Amino acid sequence: LYTKYGACQAIQMQRSRAAAAVPALRQAFGSDDLWLRILAAEALAGIGEQAKVAVPEILTRLAKSDLKNDPRNMEQRFLSFALFGGRGGLISRSLDGIDRKLLLKAVRAGLQNQDGRARGTYGSVYRNLSFEEIKPLLPAIHEAIVKPSPSGIMFASGIRVSGVALLARHRIKEGMPLCIQIMEINKWGKRNRISQCLKTLKAYGPAAKAVLPQIKKLEKDLLAHREARMLKPIIEQTQALIKNLENTNETVKLRSIYDR
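About the thresholds
- Residues numbered from 1 in each chain as written.
- Predicted model: local features only at pLDDT ≥ 70, side-chain atom pairs only at ≥ 80, totals over all residues.
- Heavy atoms only, no water.
- Salt bridge = Lys/Arg side-chain N within 4 Å of Asp/Glu carboxyl O.
- Helix = DSSP H or I, 4+ residues; strand = E, 2+ residues; numbered from the N terminus.
- Buried < 20%, exposed > 50% of the residue type's maximum accessible area, 1.4 Å probe, protein only.
- Polar contact = N/O pair within 3.5 Å; in protein donor to acceptor, adjacent residues only side chain to side chain.
- Contact = heavy atoms within 4.5 Å.
- Expected span 1.5 Å × (residues − 1).
- Axes fitted to C-alpha atoms, helices over the stretch in contact; angles between N-to-C directions.
- Parallel < 35°, antiparallel > 145°, perpendicular 65-115°, else oblique.
- Nonpolar A, V, L, I, M, F, W, Y, C, P; charged D, E, K, R; others polar.

**Q** When you look at the pattern of salt bridges in this model, what are you seeing that I'm missing?
**A** Side chains carrying opposite charge are able to pair once their charged atoms draw close together. The tally for this structure, following the rule as stated, stands at 13 salt bridges. For Glu 57, the salt bridge identified is with Arg 26, shortest N-O distance 2.8 Å. A residue pair is termed long-range when its members are at least 10 positions apart, and Glu 57 in helix 4 (residues 55-62) and Arg 26 in helix 2 (residues 22-29) qualify at 31 residues. Under the relative-accessibility criterion, Glu 57 is labelled partly exposed at 24%. On the accessibility criterion, Arg 26 (31% relative accessible area) is partly exposed. Here Glu 227 ties to Lys 190 by a salt bridge, and the two come within 3.2 Å at their closest N and O atoms. With Glu 227 in the loop between helix 14 (212-223) and helix 15 (232-246) and Lys 190 in helix 13 (residues 190-203), this residue pair connects regions lying 37 residues apart in the sequence. Residue Lys 190 is classed as buried on the basis of its relative accessible area, which comes to 10%.

What follows is the structure, encoded as structure tokens:
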């Protein structure tokens with residue numbers, strides 16, 4: 001078994017030169033050993049394009065859970081990286097030709113993973129699906145914004161910020177109050193998180209006037225913050241957004257997550 005572990009890791013390092021190993025890796029991915037399955041998936045991801053034939057079986061496995069033997073879904077965590085991770089995920093750049101039924105089932109499952117970094121990989125799915133394709137996932141996307149991952153908190157904001165940006169891109173009104181909610185100005189990583197959420201609110205254009213009172217409260221809270229000096233660029237960004245919204249009378253038609 002340990003020889004197989006080592007072989008998978010060696011093959012991963014060979015990248016596309018190891019394409020001939022794809023059949024053996026797919027066989028290893030069917031193993032009863034959890035760690036061998038993970039290493040086989042990582043090796044397939046390392047090979048790249050020529051290993052995409054294995055995507056359906058990886059998606060199928062990712063959507064499953066084994067609470068008895070893997071209560072925190074660590075296998076799902078690693079498979080998320082292998083498929084969707086920004087550094088070499090098999091389908092992180094394109095979802096062309098990928099079975100949508102398998103994909104949506106896997107994404108719904110992955111967005112509930114306990115690890116913030118694993119959840120963050122699904123931002124690549126958000127970028128690569130049209131509105132009609134993403135529509136069935138909106139409830140799961142909404143939940144992943146509202147309920148942060150309980151571990152991997154250094155990365156927990158990633159999928160939440162990606163989620164509200166997705167909602168803004170498709171003019172979905174529920175994203176605006178969520179932007180305010182996830183700023184969390186007293187938690188770690190606030191500077192980048194608040195800045196990204198303000199950019200997302202700006203993307204809503206005049207429609208963001210609906211949350212103007214909350215944005216003004218944010219300005220007040222930031223000015224009174226013990227780190228106000230460090231947050232000066234964010235305060236200025238907030239003030240600029242307020243000014244823009246106060247000086248517009250335009251309207252924008254929005255969608256809802258619950259539209260049919």
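**Q** I would appreciate a short explanation of the side chain of Arg 37 in the present structure.
**A** Structurally, the position occupied by Arg 37 is in helix 3 (residues 34-47). For Arg 37, a relative accessible area of 7% corresponds to the buried category. Separated by 2.9 Å, the side chain of Arg 37 and the backbone oxygen of Ser 31 make a polar contact. Those residues in contact with Arg 37 that sit more than four places away from it in its chain are Ala 28, Phe 29, Ser 31, Asp 32, Arg 61 and Glu 75.

**Q** Could you clarify how one ought to interpret helix 11 (residues 157-169) in this entry?
**A** Two residues of an α-helix separated by three or four positions point the same way, owing to the 3.6 residues in each turn. In a regular helix each residue adds 1.5 Å, so 13 residues correspond to 18 Å; helix 11 covers 18 Å between its end C-alpha atoms and thus fits that length. Ser 157, Ile 159, Arg 160, Val 161, Gly 163, Val 164, Leu 166, Leu 167 and Ala 168 are the residues of helix 11 that are buried. Where helix 11 is buried, its residues touch helix 7 (116-120), helix 8 (123-128), helix 9 (131-134), helix 10 (138-146), helix 12 (175-183) and helix 13. One or two positions beyond helix 11, positive phi appears at Arg 171, with a value near 55°.

**Q** Got a minute to help me understand the packing of helix 12 against helix 13 in this structure?
**A** The packing of two helices is summarised by the inter-axis angle and the distance between the axes. Running from N to C, helix 12 and helix 13 cross one another at 170°; their axes reach a closest spacing of 9 Å. Between helix 12 and helix 13, the interaxial angle falls into the category roughly antiparallel. Of the residues in helix 13, those in contact with Met 176, Cys 179, Ile 180, Ile 182 and Met 183 of helix 12 are Arg 193, Ile 194, Cys 197, Leu 198, Thr 200 and Leu 201. A breakdown of the residues in the contact of helix 12 with helix 13 according to their chemical character gives 9 nonpolar, 1 polar and 1 charged.

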